[in-house]
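# Structure assessment
Each chain, letter by letter, is given below.
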Amino acid sequence: MNDSYLMPTYKPSAVRFVSGRGAMLVDSEGREYIDLVAGLAVASVGHAHPRVAEAIAKQAAKLVHVSNLFETGPQEELATRLADLTSGMKSFFCNSGAEAVEAALKLARKHARINGRDATRFVCATDGFHGRTFGALSATGQPAKQAPFAPLVGGFTHVPYGDIAALAQAIDDDVAAVLLEPIQGEAGVIVPPHGYLSAARALCDGVGALLILDEVQTGLGRTGAWFAHQHEGIDPDVMCLAKALAGGLPMGACLARPEVASSFVPGDHASTFGGGPVQSAAALATLDVIETDGLVYRALVTGRRLMSDLANMWPGAEVRGRGLLVAVEFSSDVATEIVERALEAGLVLNATSPNTLRFAPPLVITNEQLDDALATLEEVADAVLTTT
Ligand SMILES: Cc1ncc(COP(=O)(O)O)c(C=O)c1O
């Protein structure tokens, strides 16, 4: 797209999608595709879900925006709904995952300060991903994404993910918070060893630091639990959500235990659009669909099936994940070509690195759609694998 007036931050494919339904997408030529990416783990309830579309249309016809100078019903209702799902956490609403992380970082420093802790440092994980704004990018443990924009925000320490000893060594009285993904998504769906999150919880408690879990990608049913940390039976002090929250409309949320949330006072943090009536109505409808259609359980069951099918298909590759957040790592750099050929064959896929495919389909994907997708994928990938 040489004549585009868009800044060149992406290299979009030439395929132009014009509509969707459930796990299916349709391009401008009328061709159908099975979507195994869900707009980067966003469209959990599927594309154009009628209940979400109706909620958006109804609210848009009533009131779109008044700012947070005034209370609006949908935002209050959404906060209550999220509190019910999280044993009473309080919400700050924003517009993206990175913003949810920014809010969490500010909240943690303020919480330490008003509790008399001289603690400003954050401990994060190597290869972790938390977004592209300066704070979130500083928390991100990927030097290639950070280097062009140095100097970054100070006070971030990165330790190898999944390594309890390294975490223990990095945590001291000067740590405001530990910020981790319960499963690293962008790094290629890295599931930490069982016990890692509990150890992080205990280490934080030992020094009075907060545990912030970035569930932007893993939250809201994707891994077969409402939140991925529930697989380990621990609770974070602060949790970041976005992606699936508003069914595709931009919305993020920073949730915190009430005692931590009260560290913020009016004027500390804000967002003009955060928690707007339309995105809140969309989120309420999305959460309803996830609950009433049993999508958390579906993610668990369908995810198990997907992982076992992939492992049978390529016994030499490493298949990992949880629920419907799954990756396949090949021993050679075939992922980019597989993604390109799959698209030509009517399958939307994503590679997190040259040798790793990521699967994050809508949680509503049917068994038949998955059968079709895997048959196409096997054909396409085997053609690539035999020529490399
Ligand atoms: C774990 C995690 N945190 C934060 C973000 C950033 O979210 P956004 O792109 O909405 O700012 C992402 C995006 O992929 C993510 O996966």
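Each value, and the rule that gives it
Position numbers for residues start from 1 in each chain and track the written sequence from start to end. pLDDT decides what is reported in this predicted model: residues at 70 or higher carry local features, side-chain atom pairs at 80 or more are listed and counted, and totals for whole chains, interfaces and linings draw on all residues regardless. Heavy atoms from the whole structure form the basis of all side-chain values; hydrogens and water molecules are not counted. Counting from the N terminus, the helices are the DSSP runs of H or I reaching at least four residues and the strands are the DSSP runs of E reaching at least two. N or O atoms closer than or at 3.5 Å make up a polar contact, with two conditions inside protein: a donor-capable atom paired with an acceptor-capable one, and, for residues adjacent in sequence, both atoms drawn from side chains. Residue contacts are defined here by distance: any two heavy atoms, one from each residue, within 4.5 Å place the two residues in contact. Three labels apply to residues, based on accessible area from a 1.4 Å probe with only protein chains included: buried if under 20% of the type maximum, exposed if over 50%, partly exposed otherwise in between. A pair of strands counts as paired when DSSP detects no fewer than two bridges linking them. A right-handed crossover is one whose linking path, passing over the helix from the first strand to the second, runs clockwise when the strands point away from the viewer.

When you line up the elements, Asn 95 lands in the loop between β4 (90–94) and α4 (97–114). Only 3.1 Å separates the side chain of Asn 95 from the side chain of Glu 99, close enough to count as a polar contact. A polar contact of 3.1 Å, which involves the side chain of Asn 95, links it to the side chain of Ser 271. When sequence neighbours within four positions are dropped, the list of residues in contact with Asn 95 reads Pro 250, Met 251, Gly 252, Ser 271, Phe 273, Gly 274 and Gln 279.

We now examine the pairing of strand β7 (residues 175–180). Along any regular strand the residues' side chains alternate between the sheet's two faces. The element β7 is extensively covered by neighbouring structure, given that six of its six residues are classed as buried. Where strand β5 (residues 121–125) and β7 come together, three bridges link them in parallel fashion. Bridge pairing links Arg 121 to Val 175 in β7. The pairing of β7 with strand β8 (residues 210–214) spans four bridges and is parallel. From the neighbouring strand, Leu 180 faces β8, where its bridge partner is Leu 213. Note that the unit made of β7, helix α8 (residues 196–207) and β8 has a crossover that is right-handed.

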